[in-house]
Amino acid sequence: MSEKKHRVSRRQFLNYTLTGVGGFMAAGMLMPMVRFALDPVLRPAEEQDLVQVVKVDEITEEPQRFDFKIKQVDAWHESEETKSAWVYKSGDKITALSPVCKHLGCTVGWNNDPANPNQFFCPCHFGRYEKDGTNIKGTPPIGPLDVYQHVVKDGYLFLGKAKPRGEA
C-alpha cells in the first residue's frame, strides 16, 4: 500500500481540529447549564420535620380532620403547604390517616355518605374505606389510605410524612 492513501489532507486536518475544538468549547459552555438545570434532581431529598398538629386530649374515638402546614421545597422555591389528616384514638393507640383517595387522589370524608355510615367516602367515584383506612372490596380504591408517621410529645401529636400502609 502506498502512503498517499493514508495521508490526511490539510483540509481534513483543519476540519477535524476545528470540529474537536468547537465541540470542546460547546461542552464547556453547556455543562454548567445542564448541571444547573439538574441540580434539584441530584440533590438528596430532605426529611420532613414533624409538625405539631393537635393536643392529644382533643383526639376522640370518632375520626376528626385536622389541618396543618408543612414547609415544602420545590427546586429553589420554598413554600408552606396545607395538609390534612383524619386522626382518631382506639384505646391508647392514635391513628392518623391521609385524606387522599388511592383511586384518583380525591379527598375522602368521614361519615359523609348516608348510605354507608361510619366509613370514609370518596365522592368522586364512590370509593369507600373502613374506619382503619382499609379499602372496601368492590369499590374503586386499589389500596388502603396512607398513614402519617406520628409521635406524641409533651401532650401534643406531631405528624410527619404520609406513607403507604406497609411502610409506616
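Here the structure is a predicted model, which means the values were calculated and not measured.

Some remarks on the UniProt feature "transmembrane region" (unreviewed entry) in the protein
The UniProt record marks residues 12–34 with the feature "transmembrane region" (unreviewed entry), using the residue numbering of this structure. Taken end to end, residues 12–34 is 100% helix and 0% strand, and its two terminal C-alpha atoms sit 32 Å from one another.

Some thoughts on the pairing of strand 9 (residues 156–163)
Taken together, the four bridges between strand 1 (residues 51–55) and strand 9 define a ladder with antiparallel strand orientation. By the bridge assignment for strand 9, Gln52 is matched with Phe158. What sits between the antiparallel neighbours strand 8 (residues 147–153) and strand 9 is a turn of two residues, in which Asp154 has the positive phi angle 55°.

Let's talk about the nonpolar core
Membership of the largest hydrophobic core comes to 15 residues, with the highest contact counts inside it found for Phe68, Val87, Leu157 and Leu159. Those residues within four positions of Phe68 in sequence are excluded, and the remaining contacts are Val51, Val53, Glu81, Thr82, Lys83, Ser84, Ala85, Tyr148 and Leu159.

Overview of the packing of aromatic side chains
For the coordinates displayed, the defined rule picks out four aromatic pairs. Residues Phe68 and Tyr148 carry aromatic rings whose centres are separated by 5.7 Å and whose planes lie at 75° to one another, so their mutual orientation is edge-to-face. Within this pair, whereas Phe68 is found in strand 2 (residues 64–74), its partner Tyr148 is found in strand 8, the two being separated by 80 residues in sequence. According to the relative accessible area criterion, Phe68 is buried, its value standing at 4%. A network of ring pairs unites the aromatic residues Trp86, Trp110 and Phe120 as a single cluster.

Some remarks on a nonpolar patch on the surface
A surface patch of nonpolar side chains, about 710 Å² in accessible area, is lined by Met29, Leu30, Met33, Val34, Leu38, Val41 and Leu42. By the element assignment, Leu42 lies in helix 1 (residues 10–42). The exposure class of Leu42 is exposed, given its relative accessible area of 52%.

Examining the state of the cysteines
The bond known as a disulfide is covalent and runs between the sulfur atoms of two cysteines. Applying the stated criterion across every chain, the model contains one disulfide. Residue pairing for Cys106: its cysteine sulfur links by disulfide to Cys124, the two sulfurs lying 2.2 Å apart. Every disulfide takes its handedness from the sign of the S-S torsion; for Cys106 and Cys124 that torsion is -115°, giving left-handed. With Cys106 in the loop between strand 4 (93–97) and strand 5 (109–110) and Cys124 in the loop between strand 6 (120–122) and strand 7 (127–129), the pair connects residues that are 18 residues apart, well separated along the chain. Its sulfur unpaired, Cys101 is 3.8 Å from the next cysteine sulfur, which belongs to Cys122. The exposure class assigned to Cys101 is buried, which follows from its relative accessible area of 4%.

Rules used throughout
- In every chain, residue numbers begin from 1 and rise along the written sequence.
- Two thresholds apply to this predicted model, a pLDDT of at least 70 for residue-level local features and 80 or more for giving and counting side-chain atom pairs, whereas whole-chain, interface and lining totals are computed over all residues.
- Hydrogens are left out, water is left out, and the side-chain values use all remaining heavy atoms of the structure.
- UniProt positions are given in the numbering used here, feature names are shortened, and annotations may be inferred rather than shown by experiment.
- Helix numbering and strand numbering both begin at the N terminus, where a helix is a DSSP run of H or I of at least 4 residues and a strand a DSSP run of E of at least 2.
- Pairing between two strands requires that DSSP report at least two bridges joining them.
- Residues enter a nonpolar core if they are buried and are Ala, Val, Leu, Ile, Met, Phe, Trp, Tyr or Cys, with the set joined through side-chain atoms within 4.5 Å.
- Using a 1.4 Å probe on the protein chains alone, a residue whose accessible area is under 20% of its type maximum counts as buried, one over 50% counts as exposed, and one in between counts as partly exposed.
- Whether two residues are in contact is decided by their heavy atoms, any of which lying within 4.5 Å being enough.
- Pairing of aromatic side chains here covers Phe, Tyr and the six-membered ring of Trp, requires ring centres within 6.5 Å, and sorts the geometry by plane angle: under 30 degrees stacked, over 60 edge-to-face, intermediate tilted.
- In this scheme, patches are assembled from residues that exceed 30% relative accessible area and form no salt bridge. Like charges are connected within 9 Å, while nonpolar side chains (Val, Leu, Ile, Met, Phe, Trp, Tyr) are connected within 5 Å.
- All accessible-area figures derive from a Shrake-Rupley calculation using a 1.4 Å probe, and residue coverage is judged against the displayed protein chains alone.
- Here a salt bridge means any side-chain nitrogen of Lys or Arg lying within 4 Å of a carboxyl oxygen belonging to Asp or Glu.
- Disulfides are defined in this document as cysteine sulfur pairs within 2.5 Å.

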